[in-house]
Protein chains: 6
Amino acid sequence: DFLSALDEVQPAFGVSEEELQQVIQNGIIHYDASVEETLRTGKLFVDQVRTSSRTPLVSILLHGHPGSGKTALGATIAQQSDFPFIKLISPDSMVGYGEAQKVNAITRVFMDSYKSPLSVIVIDNIERLLDWSPMGARFSNSVLQTLLVLMGKRPPKGRRLLIIATTSLRPILTDLGLSETFDSELNVSPITTLRALDVVIREVKLFSSSQEHKEAIRMLAEAGFRDEENAKLQIGIKKLLSMIEMARQEPANVAQRLTGALMGLGM
Amino acid sequence: DFLSALDEVQPAFGVSEEELQQVIQNGIIHYDASVEETLRTGKLFVDQVRTSSRTPLVSILLHGHPGSGKTALGATIAQQSDFPFIKLISPDSMVGYGEAQKVNAITRVFMDSYKSPLSVIVIDNIERLLDWSPMGARFSNSVLQTLLVLMGKRPPKGRRLLIIATTSLRPILTDLGLSETFDSELNVSPITTLRALDVVIREVKLFSSSQEHKEAIRMLAEAGFRDEENAKLQIGIKKLLSMIEMARQEPANVAQRLTGALMGLGM
Amino acid sequence: DFLSALDEVQPAFGVSEEELQQVIQNGIIHYDASVEETLRTGKLFVDQVRTSSRTPLVSILLHGHPGSGKTALGATIAQQSDFPFIKLISPDSMVGYGEAQKVNAITRVFMDSYKSPLSVIVIDNIERLLDWSPMGARFSNSVLQTLLVLMGKRPPKGRRLLIIATTSLRPILTDLGLSETFDSELNVSPITTLRALDVVIREVKLFSSSQEHKEAIRMLAEAGFRDEENAKLQIGIKKLLSMIEMARQEPANVAQRLTGALMGLGM
Amino acid sequence: DFLSALDEVQPAFGVSEEELQQVIQNGIIHYDASVEETLRTGKLFVDQVRTSSRTPLVSILLHGHPGSGKTALGATIAQQSDFPFIKLISPDSMVGYGEAQKVNAITRVFMDSYKSPLSVIVIDNIERLLDWSPMGARFSNSVLQTLLVLMGKRPPKGRRLLIIATTSLRPILTDLGLSETFDSELNVSPITTLRALDVVIREVKLFSSSQEHKEAIRMLAEAGFRDEENAKLQIGIKKLLSMIEMARQEPANVAQRLTGALMGLGM
Amino acid sequence: DFLSALDEVQPAFGVSEEELQQVIQNGIIHYDASVEETLRTGKLFVDQVRTSSRTPLVSILLHGHPGSGKTALGATIAQQSDFPFIKLISPDSMVGYGEAQKVNAITRVFMDSYKSPLSVIVIDNIERLLDWSPMGARFSNSVLQTLLVLMGKRPPKGRRLLIIATTSLRPILTDLGLSETFDSELNVSPITTLRALDVVIREVKLFSSSQEHKEAIRMLAEAGFRDEENAKLQIGIKKLLSMIEMARQEPANVAQRLTGALMGLGM
Amino acid sequence: DFLSALDEVQPAFGVSEEELQQVIQNGIIHYDASVEETLRTGKLFVDQVRTSSRTPLVSILLHGHPGSGKTALGATIAQQSDFPFIKLISPDSMVGYGEAQKVNAITRVFMDSYKSPLSVIVIDNIERLLDWSPMGARFSNSVLQTLLVLMGKRPPKGRRLLIIATTSLRPILTDLGLSETFDSELNVSPITTLRALDVVIREVKLFSSSQEHKEAIRMLAEAGFRDEENAKLQIGIKKLLSMIEMARQEPANVAQRLTGALMGLGM
Ligand SMILES: Nc1ncnc2c1ncn2[C@@H]1O[C@H](COP(=O)(O)OP(=O)(O)OP(=O)(O)O)[C@@H](O)[C@H]1O
Ligand SMILES: Nc1ncnc2c1ncn2[C@@H]1O[C@H](COP(=O)(O)OP(=O)(O)OP(=O)(O)O)[C@@H](O)[C@H]1O
Ligand SMILES: Nc1ncnc2c1ncn2[C@@H]1O[C@H](COP(=O)(O)OP(=O)(O)OP(=O)(O)O)[C@@H](O)[C@H]1O
Ligand SMILES: Nc1ncnc2c1ncn2[C@@H]1O[C@H](COP(=O)(O)OP(=O)(O)OP(=O)(O)O)[C@@H](O)[C@H]1O
Ligand SMILES: Nc1ncnc2c1ncn2[C@@H]1O[C@H](COP(=O)(O)OP(=O)(O)OP(=O)(O)O)[C@@H](O)[C@H]1O
Ligand SMILES: Nc1ncnc2c1ncn2[C@@H]1O[C@H](COP(=O)(O)OP(=O)(O)OP(=O)(O)O)[C@@H](O)[C@H]1O
Ligand SMILES: [Mg+2]
Ligand SMILES: [Mg+2]
Ligand SMILES: [Mg+2]
Ligand SMILES: [Mg+2]
Ligand SMILES: [Mg+2]
Ligand SMILES: [Mg+2]
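Undergrad: Got a sec to walk through the domain arrangement of chain A? Specific residues and values, please.
TA: Residues and elements named next belong to chain A. You can read the domains of chain A as domain 1 (2-187) and domain 2 (194-264). For domain 1 and domain 2, the distance between their C-alpha centroids amounts to 33 Å. With 9 residues of domain 1 at the interface, the matching set in domain 2 holds 10 residues. Contact between domain 1 and domain 2 buries roughly 670 Å² in total, counting both sides, with carbon and sulfur atoms accounting for 77%. Area buried by domain 1 at its contact with domain 2 is led by Ile29, Tyr31 and Gly67, which between them contribute 72% of it. Summed over the shared surface of domain 1 and domain 2, the number is 0 salt bridges.

Below is the structure:
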């Protein structure tokens, strides 16, 4: 049924613009030096694949807390490569797939990539692709084996491939023997400084006046989000953006609500 | 068979009035400030989804003791949203479904919701949807993975979705990695005060005369259901309503039977 | 295959007289006050379902030692309700069914009951319906989930349903999370007194003369079955009736054989 | 597929002479009082089924060491009943059957028996029917559940059934919850006395002269098989008969070889 | 599918010469008294089956270290029986078979044997037939159950059958309950003495001159392979023959290489 | 379905040049005496298979750290044999295969090899062929059993076969009972000396001038990669080649980047 399963999935060539757009539609806020650093390192790998004929296969793993921005960063690196083949393998587009269908869909993307001289494949949220469940340590072994083989298989002569994978559960990948297949790992860290908070809040125009903004930052500092050394703040950019929107709901108390929400995190 | 399974389930658009009516037919008794509070908070999330374009997906979890009123409150919040798409995903309408059929039915509701600018999906009784069994810690991993993906997947551009889920087994959801996908959690607590009891009894007209009512409350107080601090009373509204009906059977001893039944709970 | 399975089972409306007769063909011997009490309590629940429109679903669990008479009592309560829909769900009529067929057959009975204004469903021997095996703690999770949902699902508006279930393994039901779905539990206890023995023996006319009967009772008393306080006797009515028949085989030694058999129990 | 499986097995009515003959072709040697006792007790149960209309279903379990003669004795009791329906359910005739086919074949025998006023069913070697494997404690739960239900299900009105089952693994049956479904258990014990040995050897004419026979018995006594109290001998009749045949191979040393073989057992 | 599976395997009657030849093509070297002894004992069992009508079924188990010669000896005993039906059941001819196909193929050989008055079946490498894996203690329970039943099932009247099985994992067979079905067990031991080595080396003409041969034996003795009491040598004939061939590759250093290889074993 | 599965895979005769080329396209760098030694030993086994008619089946296992060059060395030995049948069994060409398809593909290669007088089969990356997952110790038992049988099965008369297998997880093979089926094991060790590093760097022309090269070696020596006795260096040739390419990206800092990368290994 593998072969018949193959027919249910339409082949995909070229760049899947729409899918990439979908995951980076909120843009990248440069709240921190680390953001730039991650994009720059990503570019280095893109260049290596483009130029060195001896390493036709390079793979990197973006890992970090849930919502720290892994998918958006991975997709951005991929998009900026300008390679003729860019493709996102995401659990979002495999809802309801059985094991065989997943294996098939994943395999097909790799096979398609082998037809392009230069390719990037973003494998998003590996734990979900694997149907990983912490209870009972369940996962799809056939998807795992497929990834293990495909991530170690050299593209055919003259073809080059960059693999960018993301995960929030790096230790699990290690236990599954997947970590060691990556050439490099990049850690995407959460926001921990008031300065970064400041940048984000300004960027999304939470306050209309500069005065209000300053007030809010002062309130946050007073609430304890000031000392960067033993930071009590630790929040992914995705969740922060969501909290900001919730705070925006009550125009009278925006700063209070945001501070409250951030303080509620540690509980 | 996923695709063929899809055909067995008819698509559903718009508001499923009947299903919602079914679960809230007994109405909401405002026995307590917490009831109002829950509905009000629910409305806040409805408003956020309606107004903020940056958070197209918001999800909340109503959790609490069995029979504490989670389903009725969730359905009420959904209904009061007046969103064009309101839908109940409930194990009650999936009796006898296999895993694939469940995954399919759930997926279809989400896909349908993506066609409406504003949607609410109530996922009732998640543990039952997951076929959770405490013995052997069994559950359907494919339903779990489907929920994990769908609850994290952004609706397409211009579409917004509020997810309201209910459970009596919050710790299990945490163990399964489902808790952290919710933006917020609301606890629906059982009835613990004599004052709340009083309201409910009055509301359902258990006694015909005010005298009888007062007598009954005094009897309950004497039975120990008076001190609110270390309340020995802890009962879900659903079970309380059921006990009241049983007591009503013996017109001569209504108060005694109700008191007896409430005292029997602790055993 | 759920749908196709549905066709293999013929629909059943109305009262299934024959099945009920089969399980109560030996009648009910009133050897004890507890027998009357159980039937009376059963009747109370029947009345509640008949009269209170606010509790359209009531469920009770008859539990007790193997052979203590649970099935006969449950069926008797059901039959005496005179409801237009009375149905027995029993493992006896599902020999050789697979999981899907069982789920289907059970579901169909409930669906049929929803068409009648007043219904009783007797779910006999739940542990067997669940294919429960103590070794390895195996059971059919799909049957379990089906029961959990159906026993919590309100009948449609204007329909009322009484569920009477029986089990010899109440602790297992608790472990499986099934116990808490019942509104009430009734314990069917085994025979422990000489007086009850006396009634049964007389009722089934084990001895032709009153003299023989008295002799036998004296022999039983001497054998130690006299002191009711720390009764050493504990036997289900079903097994007792079977022992009496075995004793009847040897007309010369009826009393001795019965005494011997009863004494052999403790071994 | 249960129904389709039904068609693969041809119905069987009446007495299956051939199968019974096959298992008792070597006859019953009355080496011991226990042999007679077992057959006599078996006859009592046959009579009870024939005469008492209140116990239409009686079941007994023959258990004992491998090769102790359980199958031969069970079949003999069945055959001597002269009931119109006598049938052997044996793993020997189900080699290669899947679970569903086994369940089906077993069920069919019971269904057929319900058409005869008086029936005996011999369920031989239950552990093998259950596909029991000590390693991993594996077994067929569907065969187990089928047996549990069928062994507790009353035949239709006017039909009576005696069930005779055999096993070498009584503790396993207890663990599986099967033991308690039997009305009675009979232990078939191995040969432990020199006197019994003597009877068997004579019966199968191992020696041509009485002198040789005596010599052999003396040799066995000297080898330690004399003191009956703390007998070191413990051998099933089946294995003993096999050893005797092996000894018969070397006409010059029959007594020595037999003694040697018996002494080798304890090793 | 059991029945349809039956058709995929062609029936086999008579002696399967080719298969037997294949496993004994290297012949039997009489390096030791034990070799003769095993063949002689095998012949005794062949004779018992041929002559005693009371033991129509005899089964023996050849067990011993990997490569100790079990298959060759079992096949030789079978071949020397000159029975009209001789058949090898070997995993080698079931590569890629599923459980049902294996059960089927095994069953068919037994069924075929029942048509011959005298038969030998060699069941080679039982652990492999069972798909035994030490990790996780996995095995095919359906093959196991099939063997358990077939090895205990008497052939039809007038038919006699000798079963010769081989295994390197006798303890596993015991754990699986298979050991006790054998009438007798024969241990095939590895080579442990210099004298046996001497015989083998001479037999396969490793050296062209008697002088070289003597030299080699002296070298082996000096290497410590001389004292037979606490022999440090323990090697199966199969591996020894393979080592000899490897040594033969380097004509100049045959003795050294063989000695080295034998000394490397203990590491 | 095994038979039908057979049809999905096209037969393959002769030497599969392309596949072999693919895995050795980067060539073999003789950085070390061990490289030569491994190739020489491999040739010895090739010769034994070619010349000795008594050992028609020889199997060797190349094991060592990931990326140590096992596949390249195994393929090179195979290719240099000049046997008429050379075939690579690799997980790379079985992506998405189910168990039955894998078993089938593997079996077919062996069957094909039996038609050639002289054959080499390279079984690459056995752990991946087995779908081995460290978490839960999962693997395909049917692939395992197939390998166990095929690796022990003598080719037909006149056919000879050399099996070369590779693995990074030798201990797992031992636990699975696979190790003992090999006639010999060869360890492929990682690079641990500065001298070997030197050779590799020179060979791939990392530096254009001899001066730069010397500088780099001095830098590496200073970084601690000098003392060979307690070498802190341990890197597979595959990873080393990949690091060299990455270093090459930044022409200004080649030596620094390489040194840094090598030092990062131990972390
Ligand atoms: N510097 C940034 N890095 C990453 N994402 C950013 C940044 N600034 C803004 N964003 C926005 O934050 C969101 C990050 O969400 P994203 O899905 O990428 O996180 P994630 O780590 O993949 O989450 P999850 O753990 O749920 O997979 C995106 O909407 C992205 O547009
Ligand atoms: N304040 C209230 N909150 C919730 N339900 C109420 C309230 N007042 C009355 N009810 C009635 O009480 C019942 C609550 O039952 P509901 O099924 O919602 O509880 P639940 O917590 O979902 O139960 P379960 O744990 O079984 O899923 C409903 O019939 C509802 O109409
Ligand atoms: N007072 C009584 N209560 C119940 N059964 C009685 C009573 N008097 C006589 N009987 C007879 O005793 C038998 C009880 O058997 P029944 O099958 O109901 O027991 P059970 O508890 O359901 O057994 P099991 O545990 O095997 O399911 C019936 O034949 C019934 O007719
Ligand atoms: N007194 C006896 N009781 C039983 N069997 C006897 C007796 N005398 C002789 N036999 C013969 O001994 C053999 C007993 O074998 P049987 O198969 O009945 O034993 P079993 O206990 O069922 O063995 P298993 O444990 O293998 O099922 C039969 O061949 C039977 O004819
Ligand atoms: N005395 C002997 N006994 C057995 N085999 C011998 C003897 N002399 C020579 N041989 C040869 O030794 C080889 C023994 O291999 P065989 O396959 O029979 O061993 P085995 O114990 O079955 O191995 P395995 O454990 O792998 O199944 C055969 O080639 C056989 O011809
Ligand atoms: N001396 C050498 N030995 C082996 N490979 C070498 C050598 N010199 C250069 N190479 C190259 O190094 C690479 C070794 O990779 P190869 O895939 O053979 O390693 P491996 O041990 O099989 O890796 P893996 O553990 O991932 O299977 C090949 O590209 C090969 O051409
Ligand atoms: Mg992500
Ligand atoms: Mg609810
Ligand atoms: Mg009952
Ligand atoms: Mg038997
Ligand atoms: Mg062998
Ligand atoms: Mg490799």
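Structure shown, so let's carry the discussion forward.
Undergrad: An account of the interface of chain C and chain B is needed here, citing residue identities and associated values.
TA: Facing 34 residues of chain C, the contacting portion of chain B comprises 25 residues. Our enumeration of links across chain C and chain B arrives at 1 salt bridge. Two residues, Glu245 of chain B and Arg54 of chain C, come together in a salt bridge whose shortest N-O distance is 3.4 Å. Between chain C and chain B we count 11 residue pairs in polar contact (both at pLDDT 80 or more) in total. Elements represented by at least two residues in the side of chain C that touches chain B include exactly helix 1 (2-8), helix 3 (33-51), helix 5 (99-113), helix 7 (141-150) and helix 8 (170-175) of chain C. For the side of chain C that touches chain B, the leading source of residues is helix 7 of chain C, giving 7 residues. For the side of chain C that touches chain B, the per-class residue count stands at 17 nonpolar, 9 polar and 8 charged.

Undergrad: Lay out the arrangement of the chains in plain terms, naming residues and giving numbers.
TA: Nothing in chain A touches chain E, and the closest approach of their C-alpha atoms is 16 Å. The two units chain D and chain F never meet; even their closest C-alpha atoms stay 16 Å apart.

Undergrad: Describe the relation of the copies chain D and chain E, and please don't skip the residues or the numbers.
TA: Superposition record for chain D on chain E: RMSD 0.0 Å, screw rotation 60°, translation along axis 0.0 Å. The transformation relating the two chain copies, once decomposed into turn and shift, fits a six-fold axis. Of the C-alpha atoms belonging to chain D, the one lying closest to the rotation axis is found on Gly136 of chain D, 9.8 Å away. In this assembly the copies use different faces: only 8% of the residues contributing to the interface of chain D also contribute to that of chain E.

Undergrad: If you had to explain the sheet that holds strand 2 (residues 85-89) of chain A to someone new, which residues and values would you point to?
TA: Residues and elements named next belong to chain A. The 5 strands are arranged 2-3-4-1-5 in an open sheet whose pairing can be described as parallel. Each edge of the sheet is formed by a strand with only one pairing partner; in this case those strands are strand 2 and strand 5 (184-187). For this sheet the average axis-to-axis angle between neighbouring strands, irrespective of direction, equals 15°. The pairing of strand 2 with strand 3 (residues 118-123) spans 5 bridges and is classified as parallel. Bridge pairing in strand 3 links Leu88 to Val122.

Undergrad: Outline the site of ligand 3, supporting the account with residue identities and numerical values.
TA: All names here are of chain C. By nearness alone, 18 residues border ligand 3, and Gly27, Ile29, Gly67, Lys70 and Thr71 come closest of all. Backbone polar atom of Gly27 to an oxygen atom of ligand 3: 2.8 Å apart, as the coordinates give it. Measuring from an oxygen atom of ligand 3, one finds a side-chain N or O atom of Lys238 at 2.8 Å. Taken together, the elements giving at least two residues each to the shell around ligand 3 come down to helix 4 (70-80) and helix 11 (237-248). At 4 residues, helix 4 tops the list of elements feeding residues into the shell around ligand 3. Grouping the amino acids of the shell around ligand 3 by side-chain chemistry returns 9 nonpolar, 7 polar and 2 charged. Structurally, the shell around ligand 3 is a two-domain feature, drawing no fewer than three residues from each of domain 1 (2-187) and domain 2 (194-261).

Undergrad: Give a detailed account of the sheet that holds strand 1 (residues 57-63) of chain C, specifying residues and quantitative values.
TA: Residue and element names in this part refer to chain C. In space, the 5 strands of this open sheet follow the order 2-3-4-1-5, with parallel pairing throughout. For this open sheet the edge positions go to strand 2 (85-89) and strand 5 (184-187), each flanked by a neighbour on one side alone. The average undirected angle you get between the axes of adjacent strands in this sheet is 15°. Looking at chain direction, strand 3 (residues 118-123) and strand 4 (residues 160-167) are connected through 6 bridges and run parallel.

Undergrad: For helix 12 (residues 254-264) of chain D, give the residues involved together with the corresponding values.
TA: Residues and elements named next belong to chain D. Three or more residues of helix 12 are buried, namely Val254, Ala255, Leu258, Thr259 and Leu262. When helix 12 is viewed along its axis, its buried side chains cluster within an angular range of 125° and face the same direction. Packed against the buried residues of helix 12 are helix 9 (194-203), helix 10 (210-222) and helix 11 (237-248).

Undergrad: Which residues make up the relation of the copies chain C and chain B, and what are the values?
TA: For these two chain copies, the linking operation is a rotation about an axis paired with a shift along it. Mapping chain C onto chain B calls for a screw motion: a turn of 60° about the axis and a shift of 0.0 Å along it, with 0.0 Å RMSD after fitting. When the interface residues of chain C are mapped onto chain B, a mere 6% of them are again interface residues, pointing to distinct binding faces.

Undergrad: So what's going on with the pairing of strand 4 (residues 160-167) of chain B? Residues and values would help.
TA: Residues and elements named next belong to chain B. With respect to burial, strand 4 is a largely interior element, 7 of its 8 residues being buried. Judged from the 7 bridges that link them, strand 1 (residues 57-63) and strand 4 form a sheet pairing that is parallel. Each residue of the ladder has a partner; that of Leu57, found in strand 4, is Leu161.

Undergrad: Can you tell me about the site of ligand 6, naming the residues and giving the values?
TA: Residues and elements named next belong to chain F. The environment of ligand 6 is formed by 18 residues, the closest being Gly27, Ile29, Gly67, Lys70 and Thr71. Between a nitrogen atom of ligand 6 and a main-chain N or O atom of Ile29, the distance comes to 2.8 Å. Relative to its free-state accessible area of 630 Å², ligand 6 is covered by the protein chains to the extent of 90%. At the level of secondary structure, the elements contributing two or more residues to the shell around ligand 6 comprise helix 4 (70-81) and helix 11 (237-248). With 4 residues, the top contributor of residues to the shell around ligand 6 is helix 4.

Undergrad: Give a description of the pattern of salt bridges that names residues and reports values.
TA: Per the stated rule, a full pass over the model turns up 78 salt bridges over all chains. The partner of Arg248 of chain F in a salt bridge is Glu245 of chain F, with the nearest N and O atoms 3.1 Å apart. One end of the pair, Arg248 of chain F, and the other, Glu245 of chain F, are both in helix 11, 3 residues apart, so they sit about a helical turn from each other. It is possible to trace a salt-bridge network through shared partners that takes in Lys43, Asp47 and Arg50 of chain A.

Undergrad: Just give me the short version of helix 5 (residues 99-113) of chain E, but keep the residues and values in it.
TA: Residue and element names in this part refer to chain E. Relative to the 21 Å expected for 15 residues at 1.5 Å per residue, helix 5 spans 21 Å between its end C-alpha atoms, a close match to the ideal helical length. For helix 5, the tally of buried residues reaches 12 of 15 residues, placing the bulk of the element in the interior. Within the span of helix 5, buried status applies to Gln101, Lys102, Val103, Asn104, Ala105, Ile106, Thr107, Arg108, Val109, Phe110, Asp112 and Ser113.

Undergrad: Run through the interface of chain D and chain E, naming residues and quoting values.
TA: Between chain D and chain E, the residue contacts involve 25 residues of the former and 34 residues of the latter. Carbon and sulfur atoms make up 53% of the area that chain D and chain E hide from each other, which totals about 2500 Å². Together, Val95, Met135 and Gln249 of chain D form the three largest contributors to the area buried by chain D at its contact with chain E, with a combined 25%. At the boundary of chain D and chain E, one finds 1 salt bridge. There are 11 residue pairs in polar contact (both at pLDDT 80 or more) connecting chain D and chain E. Ranked by residues supplied to the side of chain D that touches chain E, first place goes to helix 11 of chain D with 5 residues.

Undergrad: Run through the pairing of strand 2 (residues 85-89) of chain E, naming residues and quoting values.
TA: Residues and elements named next belong to chain E. Burial analysis of strand 2 places 5 of its 5 residues in the buried class, the great majority of the element. Alternating positions in strand 2 separate into two faces, Phe85, Lys87 and Ile89 on one and Ile86 and Leu88 on the other, with burial throughout. Once the chain exits strand 2 it traverses helix 5 before rejoining the sheet at strand 3 (residues 118-123), and the crossover so formed is right-handed.

What counts, and at which threshold
Residues numbered from 1 in each chain as written. Chains lettered and ligands numbered in written order. Predicted model: local features only at pLDDT ≥ 70, side-chain atom pairs only at ≥ 80, totals over all residues. Heavy atoms only, no water. Domains from an automatic or database assignment. Contact = heavy atoms within 4.5 Å. Buried area = accessible area lost by both parts, 1.4 Å probe. Salt bridge = Lys/Arg side-chain N within 4 Å of Asp/Glu carboxyl O. Polar contact = N/O pair within 3.5 Å; in protein donor to acceptor, adjacent residues only side chain to side chain. Helix = DSSP H or I, 4+ residues; strand = E, 2+ residues; numbered from the N terminus. Nonpolar A, V, L, I, M, F, W, Y, C, P; charged D, E, K, R; others polar. Least-squares fit on C-alpha atoms with pLDDT ≥ 70 in both. Pairing = 2+ DSSP bridges. Axes fitted to C-alpha atoms, helices over the stretch in contact; angles between N-to-C directions. Near = heavy atom within 4 Å. Buried < 20%, exposed > 50% of the residue type's maximum accessible area, 1.4 Å probe, protein only. Arc of directions from axis to C-beta. Areas by Shrake-Rupley, 256 points an atom, 1.4 Å probe, with all protein chains shown as cover. Expected span 1.5 Å × (residues − 1). Right-handed = clockwise from strand over helix to strand, strands pointing away.

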